[in-house]
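# Per-entry structural report
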Amino acid sequence: MKAKIILLTFLLFSFEVFCQEITVSGTITSAEDGMPLIGVNIIVKGTTRGATTDFDGNYTINVSKGEQLEFSSLGLKTITITVGDATVVNVVMEEDIESLSEVVVVGYGTQQKSDLTGSISTVKSEEIEKTPAANVMQSMQGKVAGVQVVSAGSPGDSPTIRLRGLGSYDSNNANPLYVVDGMFYSNIDFLNSKDIESLTVLKDASSSAIYGVRAANGVVIITTKSGVKERKPQFEYDGYTGVQYARNVVKMANAEQFVTMAYESGSEADVDFVLNAMERFGRSRVNPNIPNVNTDWYKEILRPATISSHSIGVSGGGENVTYSVGTNYFAQEGILDMKNEYERFNIRSKVDINITDRFRTGVNTIFSNATKFNAENGAWFKAYFAVPILPVYDEQNTEATPTRYANAQLLGYRGTQNPFPDMRYNNNQLKIRKLLTNMYFEYEIVPDKLTFKTSYSHDFSALDERYVDLPYTLGNNVQIMSSIRQNQLTYSNQIWDNILTYDDSFGEHNLTLMAGTSYRDEASHKLNVRGQNITGIGYESSWYLNFAEDGSIVLAGDGDDGDIGRRLYGVSYFARAAYNYKHKYLIYGTMRADGSSKFTKDPWGYFPSIGVGWVISGEDFMNDSGVFDYLKLRASWGELGNDNVAASSGSNTITNISIPIGDVQTPGITSTSTFTNNTWEVIEETNFGINLRTFDNRLTLDADYYIRDTKNAIMPVFVPIINANVLRNSGVIRNQGFEIALNWDQAVNDDFSFHVGTNFTTLKNEARSLTDPYIDSGSAEFRQRTMVGEPIQAFFGYETVGVYQNQAQIDADPIAVENNLEPGDLIYRDVDNNGVIDDDDRVVLGSFLPSFMYGGDIGVSYKGFDLSVAVYGQTGNKILNRKRGEIIFTQDTNMDADLAINRWHGEGTSNSYPSSKGLRKGWNQKLSNFWVEDGDFFRIQNIQLSYTILGEKLAGKNMPETRITFTAERPFTFFKYNGFDPEVPNGVDRQTYPIPAVYTIGLNIKI
């Protein structure tokens, strides 16, 4: 017993000595140049105790013997040291080569980020996953400089993506190329964000040129998740569910405001309609001078809508095989209260096999099955115009069947106005089935030096679209017959690539050579058929054309457009060389020859590119600067061909005519040609850039300046002899601007780290040359015009300078007298000072393209908690508020509350809004800056709070890694535009689906 007590005393004494706290200090220096390192984090491993080195690289920390000190800093290898008797511990830290040489996916291969000469940006998968959306690209909003993402509100719709402006006159041809695991796509609505491993944006022509004709508007490369060698199967569930709400709902004039404007309008008919409503629905008890109806139509047609996503996957691998398989279910309702939703089910598999040490193969397959019920967008238009003195239902309307919906015609108005028949009696279903397969074989001819890879990709899609109009009557002879329109589209795109790559180093020289061929076969077939008067229309089982009335089934298109097919072939040859010396002097070049069956005149285009770079921080004279951890200058130039444009078309026509010559009628012929012989649009781009890291790699800066010209741009050209436009290569479009991205990342200790980032983009878009003096687009009432020196398709109209306030002002202005104007009418600027307001006084009112975009994010991590906030905004763009402007076509409808409140209704009441009477006059309905509004906005884009549970016990066993997430997407948007949202793809707001705010709760479990 005595011996045990002595032994226990000895052990306690030893433990006390071992745990005795001592003070350890030292200096931390760089292995590269021996300079002291500032801001290195020193943590007592397994605790929250820590310290940071000062400006001289010195540190001091209290620690017990036997504990471990961990030394870490961004861009440097982490070092762990066990504390012994020494009280001075000096540490030499080396560069983390993997960190500094991050590999980036580029065209047909990879490159070290430090060796890039082009403008390339990457987005982390965890950033993409923060956004609850059907389309992956929605998550890119505000995250990459130079990339504009215009959101889409309708379920399943894809956002509009523009990289560095708009390079084609037809904005539908301006989408970037998406490359998913080597396969080309124009839309990635089939892709689940949880399946993405990395996303890389190639912005300049030099980096995009290797992809040729499909890459003229930039490239987005997506790599899906793969398995990991020698890892047991890891199961993962990831899901979220939430609700969507319409934000910034447009306020419309209420019944009292509407009646007031009707009386002020000077229209006896409008007053009679109000009296008819009071007679039919009674008088309000609050104000007996207005009807007893006050309908908020937007409130009636909107609803909260659910959104959810659930993914299950497993990944792993053995010595020679890796695999990743999974499935995803996504469902989203629309905020329009009708059959309006999107549902998608995906199955994905990716397998890579090492057959031998030098021979590899792999297969990647995605099957996507989606069903989309499209909204009847006319409901947005009708809800804006529907008068508030009309109810949704009218029990007195006994002729209305099957539901007694109200009809504004029964009050005297010209239109039915009620949006509910459009919503309830339409069923617009689209079934989307896609099978996407990519298979490759890769063989190392010379190990680690010369590799050959052949790959085959096939994108097959089948779209089945069905529009059903159910029969109904609304009274007043409004009777709609049942009908069905069936659209079927099959699409097949096959690509076969063969790539030979040589990669080697000779001392300080590093060289990569690549050559390849690509063949594509793209085919589609579309059939549009319609029929009417469906037997048994009340049953969905009868919603097929064989139930249509005999003789009513016809092709739905004009002429032969109801049954059309297309076949396109392309073959390309390309090569790339990338060389660097000591990773300091960089040169990169590509050459691509593209052949396309689309162009009959010249099917071949040849497109080179070159880029150079200088890593200044690698020079000896920079070693003692103490400022730059990394500094690189870059410059690149390149050309790209774009065949995503109108093909050669038209005809040569000879017409027999007879004209009088003197007194004799003389026969003859005229010959006209509208054959276009179109060829490639050619994008030529010059890019200058800088990449910088400083403050011990905490601060990074990426900046670019670019000039991007689209030559031979295909635009409408007026042909006088046929009095029509034809599409021809006829102009030059320029986009130019600056892109800047700044990021600060710092790990304060093991438990706390933070990130701050921001990016800015400027854009100037203009037409540099045109065949005609100008090109008009839009309608005659809402004109857009393209002119040299101005943005393409700019809004074009009159500039208002005020409102006539009194009769004396009218009498003093010859223009007002000449046009019989009154107080409350708009004053237009007489641009040419000739005393007449005519077409020559019209000016450019602005572009739908923003001149400045910005984004930013802040992230904080503390132990298991993570909080991030992202913002986004833009300025300089204009929006044509066409829904408001269409008062020109129908003047007996409602107006928004902004018009009602701010209208001129007496001297001094407004100097920018016309009177109620003036709104109904043609003078004030001219397209002007009164209808074209600022589209500037600032948005809190995303707020996410998450907590990770790791290593906790549950019922005595270890819990799986679990992450709980709360997300708010687009909770707040600040703007002045009189609409739901200032995000309008082409700047014309007529039936734009509002973009909702989304609130979700998510769960991720890994086993």
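### Notes on the overall build of the protein
Per the secondary structure count, the protein includes 14 helices and 54 strands. For 1007 residues, the compact-globule estimate of 2.2 N^0.38 gives 30 Å, and the C-alpha radius of gyration of the protein, at 34 Å, lies within 12% of that figure. Dimensions of the protein along its principal axes, counting C-alpha atoms only, are 125 × 80 × 70 Å. When the 1007 residues of the protein are sorted by exposure, 52% land in the buried category. Look at the contacts in the protein between residues 6 or more apart in sequence, and 69% of them connect residues 24 or more apart. Of the roughly 44700 Å² that the protein leaves accessible, carbon and sulfur atoms contribute 55%. Here the protein contributes 87 positively and 121 negatively charged side chains, and the mean placements of these two sets differ by 4 Å.

### With respect to the confidence of the model for the protein
Confidence in the prediction for the protein averages 89 pLDDT; 93% of positions are at 70 or higher. Below a pLDDT of 50 lies the segment residues 1-19, which in the model reaches 4 contacts outside its immediate sequence neighbourhood of four places, other chains included.

### Let's talk about the pattern of salt bridges
Here the structure, examined in full by the defined rule, presents 54 salt bridges. With its nearest N and O atoms 2.7 Å apart, the salt bridge here joins Arg 567 to Asp 521. Of this pair, Arg 567 sits in strand E29 (residues 563-581) while Asp 521 is found in strand E27 (residues 509-532), placing the two residues 46 residues apart along the sequence. We classify Arg 567 as partly exposed; its relative accessible area is 48%. For Glu 822, the salt bridge is made with Lys 917, and the minimal N-O distance between the two is 3.2 Å. Placement of Glu 822 in the loop between helix H11 (814-818) and strand E44 (826-828) and of Lys 917 in helix H14 (residues 916-919) is noted, with a sequence separation of 95 residues between them. Classification of Lys 917 by relative accessible area gives partly exposed; the value is 36%. In the salt-bridge network here, residues are joined through shared partners; they are Glu 129, Lys 194, Lys 225, Glu 236 and Asp 238.

### Notes on helix H6 (residues 268-281)
In a regular helix each residue adds 1.5 Å, so 14 residues correspond to 20 Å; H6 covers 20 Å between its end C-alpha atoms and thus fits that length. Listing the buried residues of H6 in full gives Asp 270, Val 271, Phe 273, Val 274, Ala 277, Met 278 and Phe 281. Down the axis of H6, the buried set is contained in an arc of 155°. They therefore lie on one face. The outward face of H6, more than 90 degrees from its buried face, is lined by the exposed residues Glu 268 and Glu 279. Buried residues along H6 sit in contact with helix H5 (255-264).

### Here we look at the packing of aromatic side chains
Summed over all chains, the structure comprises 37 aromatic pairs. Ring centres 5.1 Å apart and planes at 35° place the aromatic pair Tyr 108 and Tyr 211 in the tilted group. Taken together, the residues span a long stretch of sequence, with Tyr 108 in the loop between strand E8 (103-106) and strand E9 (109-112) and Tyr 211 in the loop between helix H4 (205-208) and strand E16 (219-224) at a distance of 103 residues. Classification of Tyr 108 by relative accessible area gives buried; the value is 16%. Note on Tyr 211: relative accessible area 4%, which makes it buried. Measuring from centroid to centroid gives 6.2 Å for Phe 752 and Phe 754, while their planes differ by 40°, and the two rings are tilted. Under the relative-accessibility criterion, Phe 752 is labelled partly exposed at 27%. Classification of Phe 754 as partly exposed rests on a relative accessible area of 25%. Pairwise contacts between aromatic rings join Tyr 393, Tyr 405, Phe 420, Tyr 425 and Tyr 472 into one cluster. Sitting over the face of the ring of Tyr 440, Lys 453 holds its NZ or CZ atom 4.8 Å from the ring centroid.

### Overview of the sheet that holds strand E41 (residues 783-787)
Strands sit in the order E40-E41-E42-E45 across an open sheet of 4 strands; the sheet is antiparallel. A single partner strand is all that each edge strand has here, and the edge strands are strand E40 (774-778) and strand E45 (843-846). Adjacent strand axes in the sheet meet at a mean angle of 45°, parallel and antiparallel pairs treated alike. Pairing of E40 with E41, which is carried by 5 bridges, proceeds in the antiparallel orientation. Bridge pairing in E41 places Tyr 774 opposite Met 787.

### Notes on the nonpolar core
Ranked by internal contacts, the top residues of the largest apolar core, which has 55 residues, are Tyr 298, Ile 301, Leu 336, Ile 389 and Tyr 413. Looking at this core, the elements with two or more residues in it are H5, H6, helix H7 (297-301), helix H8 (378-385), helix H9 (420-424) and strand E24 (472-475). Beyond its immediate stretch of four places on either side in the chain, Leu 336 contacts Ile 301, Arg 303, Ala 375, Glu 376, Ala 379, Trp 380, Met 423 and Tyr 993. One finds Ile 120, Tyr 178, Tyr 211 and Ile 221 within the second-largest nonpolar core, a separate group that totals 47 residues.

### Looking at the sheet that holds strand E2 (residues 41-44)
Reading across from one edge, E3-E2-E5-E6 is the order of the 4 strands in this open sheet, with antiparallel pairing throughout. Each having just a single partner strand, strand E3 (50-52) and strand E6 (79-82) make up the two edges of the open sheet. Between one strand axis and the next, the sheet turns by 20° as a mean value, whatever way the strands run. In terms of strand pairing, strand E5 (residues 68-72) meets E6 through 4 bridges, oriented antiparallel. Across the sheet, Glu 70 pairs through a bridge with Thr 80, a residue of E6.

### Quick notes on unusual backbone geometry
Here the amide bond leading from Thr 401 into Pro 402 is cis, since omega sits at 0°, within 30 degrees of zero. Relative to the assigned elements, Pro 402 resides in the loop between H8 and H9. The backbone of Asp 448 shows a phi angle near 60°, a positive value even though the residue is not glycine. Tracing the sequence through the fold places Asp 448 in the loop between strand E22 (426-446) and strand E23 (450-469). Positive phi, normally seen in glycine, also occurs at Gln 793, with a value near 55°. Its location among the elements puts Gln 793 in the loop between E41 and strand E42 (794-797).

### Points about H5
Those residues of H5 not exposed but buried are Ala 255, Phe 258, Val 259, Met 261 and Ala 262. Projected down its long axis, H5 shows its buried positions confined to an angular sector of 160°, all on one face. Capping of H5 at its N-terminal end is provided by Asn 254; its side-chain oxygen lies 3.2 Å from the backbone amide nitrogen of Glu 256. One or two residues past the end of H5 sits Gly 266, with phi positive at roughly 80°.

Cut-offs applied
- Residues numbered from 1 in each chain as written.
- Predicted model: local features only at pLDDT ≥ 70, side-chain atom pairs only at ≥ 80, totals over all residues.
- Heavy atoms only, no water.
- Helix = DSSP H or I, 4+ residues; strand = E, 2+ residues; numbered from the N terminus.
- Rg over C-alpha atoms; globule rule 2.2 N^0.38 Å.
- Buried < 20%, exposed > 50% of the residue type's maximum accessible area, 1.4 Å probe, protein only.
- Contact = heavy atoms within 4.5 Å.
- Areas by Shrake-Rupley, 256 points an atom, 1.4 Å probe, with all protein chains shown as cover.
- Lys, Arg positive; Asp, Glu negative; His and termini not counted.
- Charge placed at Lys NZ, Arg CZ, Asp CG, Glu CD.
- pLDDT = per-residue confidence, 0-100.
- Salt bridge = Lys/Arg side-chain N within 4 Å of Asp/Glu carboxyl O.
- Expected span 1.5 Å × (residues − 1).
- Arc of directions from axis to C-beta.
- Phe/Tyr/Trp six-rings, centres within 6.5 Å; stacked < 30°, edge-to-face > 60°.
- Lys NZ or Arg CZ within 6 Å of the ring centre and 35° of its normal.
- Pairing = 2+ DSSP bridges.
- Axes fitted to C-alpha atoms, helices over the stretch in contact; angles between N-to-C directions.
- Core = buried A, V, L, I, M, F, W, Y, C linked by side-chain atoms within 4.5 Å.
- Polar contact = N/O pair within 3.5 Å; in protein donor to acceptor, adjacent residues only side chain to side chain.

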